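An overview of the molecular structure
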Amino acid sequence: MTWGSFGVVHITSLVLGVALIIGLYFLLKRFSQKTQTIVLGILSFAGIGAILFNLLMWGSPLEYLPLHLCSLNAMVLPFAVWTKNKTLNNLLLLWGLGAFMALVVNQPDFEIFSWTFAFYFFPHLLEIGIPVLMFCLKLVKRDMKCIVSTVCITLVVYTAIHFINVALNQYCLANEIMNRAGEIIQVNYMYSIRPENPLLQLFYNLIPHSYWYMLLCVPVIVIYLAPIYGKQILAALKKKA
């Protein structure tokens, strides 16, 4: 049975995923913050396991470096949970969007009872769910002042990864480094080189240039973050008025 894309199995998996996070919230709500932190801290390493799985499983580590947004989320998440750092936890409210997109715009050929599916679905689910639970359980606080740091950190990371993409692609092309399919490796981490879904294709149609077209995501980011910090923003505006 394959996972599919927007079929019954896919939609059911998303519904069950949401139910799992909600169930985890009500379960952890009964325990102390120390216990909540320990449980979420242990679960936060699931993404690290997925990164190692991909690096070792597919025989082409250059194509599976942890440089997509969801992989960056996976690496930051344990630090965010264990330290309860306000900046990191607020940052992951945005970076969790990458994991959400990975679940919705998924790989349709995954067998749902395979290790590939398990190492894809559950780490991405936790990369969305844990940051949300950190705030719902009041382990950290939302702070609208973190919007600036969230956007700035994301842009800096995106820019750095774009240059990594360019350098890796030039290296692989010059040295004819190939993957298992016999193709010269050309990476596209954080999609800075080219679009790979309809939404990003729309952005590329407006700005048909590598790197720059993704900056159209900035208004989307602001619109996405606005309701998350809506009450604080409104309170600040009323106070200023």
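Scroll up a little and you will see the structure.
My aim in this report is to walk through the structure given alongside it, one point at a time. (Residues numbered from 1 in each chain as written. Predicted model: local features only at pLDDT ≥ 70, side-chain atom pairs only at ≥ 80, totals over all residues. Heavy atoms only, no water.)

In this model helix H9 (residues 217–228) runs 17 Å from its N-terminal to its C-terminal C-alpha over 12 residues, within 8% of the 16 Å that 1.5 Å per residue would give. On the buried face of H9, the contacting elements are helix H5 (86–104), helix H7 (146–175), helix H8 (198–206) and helix H10 (230–240). (Helix = DSSP H or I, 4+ residues; strand = E, 2+ residues; numbered from the N terminus. Expected span 1.5 Å × (residues − 1). Contact = heavy atoms within 4.5 Å.)

Let us now look at the packing of helix H3 (residues 46–57) against helix H6 (residues 115–136). It is the contact of H3 with H6, at a shortest axis distance of 8 Å, that shows an interaxial angle of 145°. The two elements H3 and H6 cross, and the hand of that crossing is left-handed. Residues Ala46, Gly47, Gly49, Ala50 and Phe53 of H3 form the contact with H6, whose participating residues are Trp115, Thr116, Phe119, Pro123, Leu126 and Glu127. Residue classes in the contact of H3 with H6 are distributed as seven nonpolar, three polar and one charged. (Axes fitted to C-alpha atoms, helices over the stretch in contact; angles between N-to-C directions. Left-handed = near helix turned anticlockwise from the far one by under 90°. Nonpolar A, V, L, I, M, F, W, Y, C, P; charged D, E, K, R; others polar.)

Structurally, Leu65 can be placed in the loop between H3 and helix H4 (69–83). Of the residues examined, Leu65 reaches a relative accessible area of 26% and is grouped as partly exposed. Sequence-wise, Leu65 and Val187 are 122 residues apart; in three dimensions their C-alpha atoms are separated by 9.5 Å. (Buried < 20%, exposed > 50% of the residue type's maximum accessible area, 1.4 Å probe, protein only.)

The biggest cluster of nonpolar side chains holds 53 residues, and the ones touching the most others in it are Trp3, Leu40, Trp95, Ile130, Leu133, Met134 and Leu137. Of all the elements in the fold, those that place two or more residues in this core are helix H1 (8–28), H4, H5, H6, H7, H8 and H9. For this core, the element with the most residues is H6, which contributes nine residues. Once residues lying within four places of it in the same chain are set aside, the contact partners of Met134 are Leu40, Ala80, Val81, Lys84, Asn89, Leu139 and Val140. (Core = buried A, V, L, I, M, F, W, Y, C linked by side-chain atoms within 4.5 Å.)

Moving on to the packing of H4 against H6. Across the interface, H4 lies against H6 with an axial gap of 10 Å and an inter-helix angle of 40°. Remark: the crossing between H4 and H6 carries left-handed chirality. Every residue of H6 that contacts H4 at Cys70, Asn73, Ala74, Leu77, Ala80 and Val81 is listed here: His124, Leu126, Glu127, Ile130, Pro131 and Met134. Taken together, the residues of the contact of H4 with H6 break down into nine nonpolar, two polar and one charged.

To continue, consider the packing of aromatic side chains. If you walk through the whole model with that rule in mind, you get 15 aromatic pairs. Between Phe121 and Phe122, the ring centres sit 5.2 Å apart and the planes meet at 85°, which makes this aromatic pair edge-to-face. Accessibility expressed as a relative area gives 4% for Phe121, which makes it buried. Classification of Phe122 by relative accessible area gives partly exposed; the value is 40%. Ring pairing ties together the aromatic residues Trp3, Phe110, Phe117, Tyr120, Phe121 and Phe122, which thus form one cluster. (Phe/Tyr/Trp six-rings, centres within 6.5 Å; stacked < 30°, edge-to-face > 60°.)

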